[in-house]
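Notes for the structure review
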Amino acid sequence: MGTEVFKGSRKSRRAWVAAQKKYMRPGGLTHLQVKHDDFCELLAGGYLCNCNPIRVLKDDVGRILALVENAGSYSPLEFLRSGQHD
Ligand SMILES: [Zn+2]
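This report concerns the structure included in the present document. (Residues numbered from 1 in each chain as written. Predicted model: local features only at pLDDT ≥ 70, side-chain atom pairs only at ≥ 80, totals over all residues.)

For the rest of this paragraph, the subject is the overall build of the protein chain. When its secondary structure is counted, the protein chain shows two helices and three strands. Helices (α) and strands (β) of the protein chain occur, in sequence order from the N terminus, as α-β-β-β-α. Burial status across the protein chain gives 17% buried among its 86 residues. Look at the contacts in the protein chain between residues 6 or more apart in sequence, and 54% of them connect residues 24 or more apart. (Helix = DSSP H or I, 4+ residues; strand = E, 2+ residues; numbered from the N terminus. Buried ≥ 20, exposed ≤ 12 C-beta atoms within 10 Å, placed from the backbone. Contact = placed C-beta atoms within 7 Å.)

Structure (C-alpha cells):
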C-alpha cells in the first residue's frame with residue numbers, strides 16, 4: 001500500500017515517554033492532544049496515522065505542560081499502554 005509512516009527521532013520519542021510518565025499520574029487531570037496534519041489518514045477516517053503529529057500534554061486549565069515534535073506517527077497502542085487516553 002505504500003503508506004508512509006514517520007519514525008521521528010529517538011530523542012523525541014524518549015522525551016514524549018518521559019513527559020507522559022512525569023505528568024500523567026493516576027487520578028490526575030492531564031489532557032493529551034495529538035495534533036495531526038490535515039493530510040493525515042487518521043483524520044480522514046483511516047486506521048493509520050501517516051503524519052508526524054505534535055503531541056501536547058495540558059493540565060486541567062489548559063496550560064501546556066509538555067510539547068513534543070517529531071516523535072513519529074501516532075499509534076493508538078501508545079496510549080493503551082499508559083491507560084489514560086481520553
Ligand atoms: Zn496523523
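Next comes the rest of the account.
Next up on the list: the nonpolar core. Counting five residues, the largest nonpolar core is built from Trp16, Ala19, Leu57, Val68 and Ala71. Discounting chain neighbours no more than four positions away, the residues touching leucine 57 are Ala19, Tyr23, Thr30, Leu32, Leu65 and Ala66. (Core = buried A, V, L, I, M, F, W, Y, C linked by C-beta atoms within 7 Å.)

Okay, unusual backbone geometry next. Phi angles above zero are rare outside glycine, and asparagine 70 is one such case at about 60°. Along the chain, asparagine 70 falls in the loop between β3 (64-68) and α2 (77-82).

As summarised here, the arrangement of the three strands in space is β1-β2-β3, forming an open sheet in which the pairing is antiparallel. Looking at which strands have only one partner, the edges of the open sheet turn out to be β1 (31-35) and β3. Neighbour-to-neighbour, the strand axes of the sheet open up by a mean angle of 15°, direction not taken into account. Strands β2 (54-58) and β3 of the sheet are contacted by helix α1 (residues 10-23), whose axis makes an angle of about 160° with β3. (Pairing = 2+ DSSP bridges. Axes fitted to C-alpha atoms, helices over the stretch in contact; angles between N-to-C directions.)

Here is the key point about a regular strand: its side chains alternate between the two faces of the sheet. Looking at chain direction, β2 and β3 are connected through four bridges and run antiparallel. Looking at the pairing, valine 56 lines up with leucine 67 of β3. Adjacent in sequence and paired antiparallel, β2 and β3 are bridged by five residues, among which glycine 62 carries a positive phi angle near 90°.

Examined against the element boundaries, valine 17 turns out to sit in helix α1. As for valine 17 and valine 68, which are separated by 51 residues in sequence, their C-alpha atoms are 9.9 Å apart.

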